[in-house]
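Each chain, letter by letter, is given below.
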Amino acid sequence: MIKRLLLALTLMAYGLAGIAAEGPANADAPKEYVAGTDYDVINPPVRSVDPNTIEVAEFFWYGCGHCYSFEPIIEPWKAKLPADVTFRGVPAVWHEKMELHAKAYYTAEALGVLDKMHKVLFQAMNVDRKPLASQKEIAALFVANGVSEEDFNKAFNSFGVNSQVKQGIAMAKAAQITGTPALMVNGKYHISGRKAGTQSDMLKVADYLIEKERAAKAK
């Protein structure tokens, strides 16, 4: 009797150990995010630049402290995006001063110095507390970082840069962007920190929606 009891307890212990080792069912399954709770559906969708890729757009403002803190989180994420995903920055514009900062972004892009000046512009407004409230002040920042004033002014006042600013404003309006930072996946989904939770969670939701779009394209 005692031997049988010991055998039963031993078998039970092995069974419990196996369950513990396996963990709960579906522990590694990806989390399902819910439209309206974790992200918003954009209706009608915003047209992407390249329909052959999955486009992620980040809406930001250089004067936004939350956008500044998002940079060290989103940069390594951007670097690891797969080949079928494209990324673009879209400066948000809600007033005249923000339009200057949007033009600074597109000017840096046009002059081929965006990688450098993107960080410089964030630093200037969030750490150095420079308002960058005029073209002259922004030009001085570019000149201090190796861009000639003539090249800066030509690009800053160009038709191309002004057109990109208008397109960005229209895109943000269509996506109903009311705060920054915000992400838009393939013109269909709007991710905000308010709904996603944290800035890191925003990227988790983006990963989920990228996979959702990839699966839809494969059908």
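Let me begin by describing the structure that accompanies this report. (Residues numbered from 1 in each chain as written. Predicted model: local features only at pLDDT ≥ 70, side-chain atom pairs only at ≥ 80, totals over all residues. Heavy atoms only, no water.)

1. Some points on the overall build of the chain
Helix and strand content of the chain: nine helices and five strands. Along the chain, helices (α) and strands (β) appear in the sequence α-β-β-α-β-α-α-α-α-α-β-β-α-α when read from the amino end. For the chain, restricting intrachain contacts to residue pairs at least 6 apart in sequence, the fraction spanning at least 24 positions comes to 71%. Accessible area for the chain stands at about 12700 Å²; split by element, carbon and sulfur atoms hold 58% of it. (Helix = DSSP H or I, 4+ residues; strand = E, 2+ residues; numbered from the N terminus. Contact = heavy atoms within 4.5 Å. Areas by Shrake-Rupley, 256 points an atom, 1.4 Å probe, with all protein chains shown as cover.)

2. Observations concerning the sheet that holds strand S2 (residues 54–60)
If you trace the five strands from one edge of the open sheet to the other, you get S1-S5-S4-S2-S3, paired in mixed fashion. The open sheet has two free edges, formed respectively by strand S1 (40–41) and strand S3 (85–91), since each of these has just one partner strand. Contacting S2 and S3, helix H3 (residues 96–110) crosses the sheet at an angle of about 140° to S3. Of the strands in this sheet, S2, S3, strand S4 (182–185) and strand S5 (189–192) touch helix H9 (residues 199–218), which is tilted by about 165° from S5. (Pairing = 2+ DSSP bridges. Axes fitted to C-alpha atoms, helices over the stretch in contact; angles between N-to-C directions.)

3. Observations concerning the packing of aromatic side chains
How two aromatic rings sit relative to each other is set out by the distance from centre to centre and by the angle between their planes. One pass over the full model with this rule turns up ten aromatic pairs. Relative to Tyr62, the ring of Phe60 lies with its centre 5.2 Å away and its plane at 75°, an arrangement referred to as edge-to-face. Comparing Phe60 with Tyr62 shows no difference in burial state: the two are buried. For the ring pair Tyr62 and Phe122, a centre distance of 4.9 Å and an interplane angle of 75° mean the geometry is edge-to-face. Placement of the pair is Tyr62 in the loop between S2 and helix H2 (65–79) and Phe122 in helix H4 (residues 114–126), with a sequence separation of 60 residues. Here Tyr62 matches Phe122 in class, with each residue buried. (Phe/Tyr/Trp six-rings, centres within 6.5 Å; stacked < 30°, edge-to-face > 60°. Buried < 20%, exposed > 50% of the residue type's maximum accessible area, 1.4 Å probe, protein only.)

4. A word on the nonpolar core
With 42 residues, the main nonpolar core has Phe59, Tyr62, Leu121, Ile138, Phe142 and Met184 as its most contacted residues. Among the secondary structure elements, those contributing two or more residues to this core are S2, H3, H4, helix H5 (135–143), helix H6 (149–156), helix H7 (159–174) and S4. In contact with Met184, other than residues within four places in its own chain, are Ile42, Val46, Glu55, Val56, Ala57, Phe59, Met171, Ala175 and Tyr189. Membership of the second largest hydrophobic core comes to 21 residues, among which are Tyr39, Val56, Leu183 and Ile191. (Core = buried A, V, L, I, M, F, W, Y, C linked by side-chain atoms within 4.5 Å.)

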